[in-house]
Amino acid sequence: EMADKEKNAEMQYRSGCIYRDGRGVCKDLSKAFKYFKKAADQNHIHGIIECSLCYKKGIGTDINEKEALKLIKIAIDKGSADALVILARWHLNSFPKRYKEAFQLLLKANEKNHPDSPSLIASLIEKNKIKLDEDNKFNKIELYKKSCNLGSYDGMFNMAINYHYGNNIDKNQMEAIRLYILVSKCNKSNRKKSLAIFLLAKLYEEIEEYQNAYNLA
């Protein structure tokens, strides 16, 4: 019976993803939220996270910050590294920004080897948003490298820039090109992807690969 219940929750979660993304069906965010909520009510960890994001962003339902926070904390209590990073990002995007709270969450996510957490920690250090004590000594490049090696597009983007301009590391134009290309092929459309394409074209021009730069324009 327990196995059937878990299987049912997984199917509801997957149905939510299908309606959210419009894969093989008409995109329907209300239906997506309904399925995520059903999965969450059965303690499906990814259902809980997606339901939280729906409440946070008003996807298929009304915005409910209180419920979003409640659910993401439940996911954290269940051991989700993704939930730690999501809540950290919320703190970083809040007004006023809660850098200290975000940093503590990212440290916990880093212990769980979440791909994005080292890069986000390095970014906070680089921008002088947190004060490090003796117990927290980090090397920014090593953090970006860790994210990069774990498959984080954020880590790849930051390492590409460091290799491109020789920031705290020897210049390596070929490695910068490789990483920019990887970020440019990311499935999600975001600012970093657009910037990666722009900087890749710029780098091709710098090394006089004009045809490649023209193809990216």
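These numbers were taken from a predicted model, which means no experiment stands behind them. (Residues numbered from 1 in each chain as written. Predicted model: local features only at pLDDT ≥ 70, side-chain atom pairs only at ≥ 80, totals over all residues. Heavy atoms only, no water.)

**Details of the nonpolar core**
The tendency in soluble globular proteins is for nonpolar side chains to be buried side by side.
Here is step 1 of the chain: Ranked by size, the top nonpolar core spans 58 residues in total, and within it Met159 and Tyr180 carry the most contacts.
Here is step 2 of the chain: Ranked by residues supplied to this core, first place goes to helix H5 (residues 81-92) with eight residues.
Here is step 3 of the chain: For Met159, the contacting residues outside a window of four places in its chain are Ile141, Tyr144, Lys145, Cys148, Ile169 and Leu179. (Core = buried A, V, L, I, M, F, W, Y, C linked by side-chain atoms within 4.5 Å. Buried < 20%, exposed > 50% of the residue type's maximum accessible area, 1.4 Å probe, protein only. Helix = DSSP H or I, 4+ residues; strand = E, 2+ residues; numbered from the N terminus. Contact = heavy atoms within 4.5 Å.)

**What to know about helix H11 (residues 191-206)**
Here is step 1 of the chain: With 16 residues, H11 extends 22 Å from end C-alpha to end C-alpha; this agrees with the ideal 22 Å at 1.5 Å per step.
Here is step 2 of the chain: Measuring from the side-chain oxygen of the N-cap residue of H11 to the backbone nitrogen of Lys192 gives 3.2 Å; that N-cap residue is Asn190.
Here is step 3 of the chain: Two residues or fewer after H11 comes Glu208, characterised by a positive phi angle close to 65°. (Expected span 1.5 Å × (residues − 1). Polar contact = N/O pair within 3.5 Å; in protein donor to acceptor, adjacent residues only side chain to side chain.)

**Side note on the packing of aromatic side chains**
Here is step 1 of the chain: A complete count under the given rule lists four aromatic pairs for this structure.
Here is step 2 of the chain: Arranged with centres 5.9 Å apart and planes meeting at 5°, the rings of Tyr19 and Tyr35 form a pair that is stacked. Taken together, the residues Tyr19 in helix H1 (residues 2-21) and Tyr35 in helix H2 (residues 29-41) connect sequence positions 16 residues apart.
Here is step 3 of the chain: Residue class for Tyr19 comes out buried when judged on its relative accessible area of 19%.
Here is step 4 of the chain: With centroids separated by 5.2 Å and ring planes inclined at 75°, the aromatic side chains of Phe33 and Tyr55 adopt a geometry described as edge-to-face. Of this pair, Phe33 sits in helix H2 while Tyr55 sits in helix H3 (residues 45-57), and the two are 22 residues apart along the sequence.
Here is step 5 of the chain: A cation over an aromatic ring shows up here: Lys34 above the ring of Tyr35, its NZ or CZ 5.2 Å from the ring centre.
Here is step 6 of the chain: Just above the ring of Trp90 sits the side chain of Lys56; from NZ or CZ to the centre is 4.7 Å. (Phe/Tyr/Trp six-rings, centres within 6.5 Å; stacked < 30°, edge-to-face > 60°. Lys NZ or Arg CZ within 6 Å of the ring centre and 35° of its normal.)

**Quick word on the side chain of Glu50**
Here is step 1 of the chain: Along the chain, Glu50 turns up in helix H3.
Here is step 2 of the chain: Apart from the residues lying within four places of it in its own chain, the contact partners of Glu50 are Tyr13, Arg20 and Phe36.

**Examining the side chain of Lys193**
Here is step 1 of the chain: Along the chain, Lys193 falls in helix H11.
Here is step 2 of the chain: Of the buried charged residues, Lys193 lacks a salt bridge, with Asp21 as the closest side chain of opposite charge at 14 Å.
Here is step 3 of the chain: The contacts of Lys193, once residues within four sequence positions are left out, are Val183, Ser184, Cys186 and Lys188. (Lys, Arg positive; Asp, Glu negative; His and termini not counted. Salt bridge = Lys/Arg side-chain N within 4 Å of Asp/Glu carboxyl O.)

**Regarding the packing of helix H9 (residues 153-165) against H11**
Here is step 1 of the chain: One can describe the packing of H9 onto H11 by two numbers: an axis separation of 11 Å at closest approach and a directional angle of 25°. As far as their axial angle goes, H11 and H9 are roughly parallel. The handedness of the crossing between H9 and H11 is left-handed. Each of Asp154, Phe157, Asn158, Ile161, His164 and Tyr165 in H9 lies in contact with H11, whose residues at this interface are Lys192, Leu195, Ala196, Leu199, Lys202, Leu203 and Glu206. (Axes fitted to C-alpha atoms, helices over the stretch in contact; angles between N-to-C directions. Parallel < 35°, antiparallel > 145°, perpendicular 65-115°, else oblique. Left-handed = near helix turned anticlockwise from the far one by under 90°.)

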